[in-house]
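Analysis of the macromolecular model
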Amino acid sequence: MAEASALSRLVQASASGDEAAWNELVLRYSALVLTVARSYGLTPADAQDVSQTVWLRLVEHLASLRQPEALPGWLVTTTRRESIRQAGQARRVLPVDPRTDSAISKCEEPDPDADILRAELRQALRDGLAELPARDQWLLRLRAADPPKAYHEISQLLGMPIGSIGPTIKRSLDRLRETSAVRGYLTATPAAARGKGGDQHELAEVD
């Protein structure tokens, strides 16, 4: 049996009470949770409340999570539900204009799906990069930097012949698309709604 992925090991260790593993899970996915919450137009304080609730829910369900690789999707789904609930509570408390004693109308919030999909893609790319050998990670991050490193700079930094950099980047991108994180994202997300799942433009947005 293939060795369990880094995410599987983190989930299993966290479920066993490993505090360091739990902290690593929170660090890895906190940005995803907050991005989803904020896409529903929540205030920073409400988004933080949602985040805390989501992590509490994960503590309650971590031991029963049958597919650790599905954790990012579980977090997105749970955050969506909690954000909708929180947004519903906020709408029940309407601000009042003191001059007219009537409720102040709020602008319609944009559809959050686009922001959520982009957050999911960024997280999948982060996780996918973590599965790659260190050399692939460095090469892709250097090329996806803003501005991207020129081939001669990459050659000096990594000690690679300039002529081999282009083909090596292509092979690294191919390996990235085959990681469990990116394949999971591509499988779960409709083709019309997602990017390619690992081109240099998308990589440029990964922290």
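Just above sits the structure.
As the structure is a prediction and not an experimental result, all values here were calculated from the model.

Observations concerning the overall build of the chain
- A tally of regular secondary structure across the chain gives 10 helices and two strands.
- Helices and strands appear in the chain in the N-to-C order α-α-α-α-β-β-α-α-α-α-α-α.
- In the chain, buried positions account for 38% of the 207 residues.
- The contacts of the chain with a sequence gap of at least 6 include a subset with a gap of at least 24, amounting to 62%.
- Of the roughly 12300 Å² that the chain leaves accessible, carbon and sulfur atoms contribute 54%.

Here we look at helix α8 (residues 162–177)
- The terminal C-alpha atoms of α8 lie 24 Å apart, and with 16 residues this matches the ideal 22 Å at 1.5 Å per residue to within 8%.
- Along α8, the positions that sit buried rather than exposed are I165, T168, I169, S172, L173 and L176.

Some points on the packing of helix α7 (residues 151–158) against α8
- Relative orientation of the contacting elements α7 and α8 amounts to 95°, with a least axis distance of 9 Å. With respect to each other, α7 and α8 are oriented roughly perpendicular. Here Y151, H152, I154 and S155 of α7 lie close against α8, whose contacting residues are I162, I165, G166 and I169.
- Residues of the contact of α7 with α8, tallied by class, amount to five nonpolar, three polar and no charged.

Observations regarding the pattern of salt bridges
- The final tally for this structure, using the stated rule, is seven salt bridges.
- R57 is the salt-bridge partner of E82, the closest N and O atoms lying 3.7 Å from each other. In this pair, E82 is assigned in helix α4 (residues 71–91) and R57 in helix α3 (residues 44–61), connecting sequence segments 25 residues apart.
- Notably, a salt bridge pairs R177 with D174, separated by 3.2 Å at the nearest N-O pair.

Some details on the nonpolar core
- In this structure, V11, L25, Y29, L42, L71 and L75 are the most contacted members of the largest nonpolar core, which totals 26 residues.
- Taken together, the elements giving at least two residues each to this core come down to α1 (6–15), α2 (19–38), α3, α4 and α5 (113–131).
- Top contributing element to this core by residue count: α2, with eight residues.
- Other than its neighbours up to four places away in sequence, L75 contacts Y29, V33, V54, W55 and L58.
- Membership of the second largest hydrophobic core comes to 17 residues, among which are A124, L132, I154 and Y185.

Considering the side chain of T168
- As for its placement among the helices and strands, T168 is situated in helix α8.
- Apart from the residues within four sequence positions on either side, T168 is in contact with L139 and M160.

The rules behind these values
- Residues numbered from 1 in each chain as written.
- Predicted model: local features only at pLDDT ≥ 70, side-chain atom pairs only at ≥ 80, totals over all residues.
- Heavy atoms only, no water.
- Helix = DSSP H or I, 4+ residues; strand = E, 2+ residues; numbered from the N terminus.
- Buried < 20%, exposed > 50% of the residue type's maximum accessible area, 1.4 Å probe, protein only.
- Contact = heavy atoms within 4.5 Å.
- Areas by Shrake-Rupley, 256 points an atom, 1.4 Å probe, with all protein chains shown as cover.
- Expected span 1.5 Å × (residues − 1).
- Axes fitted to C-alpha atoms, helices over the stretch in contact; angles between N-to-C directions.
- Parallel < 35°, antiparallel > 145°, perpendicular 65-115°, else oblique.
- Nonpolar A, V, L, I, M, F, W, Y, C, P; charged D, E, K, R; others polar.
- Salt bridge = Lys/Arg side-chain N within 4 Å of Asp/Glu carboxyl O.
- Core = buried A, V, L, I, M, F, W, Y, C linked by side-chain atoms within 4.5 Å.

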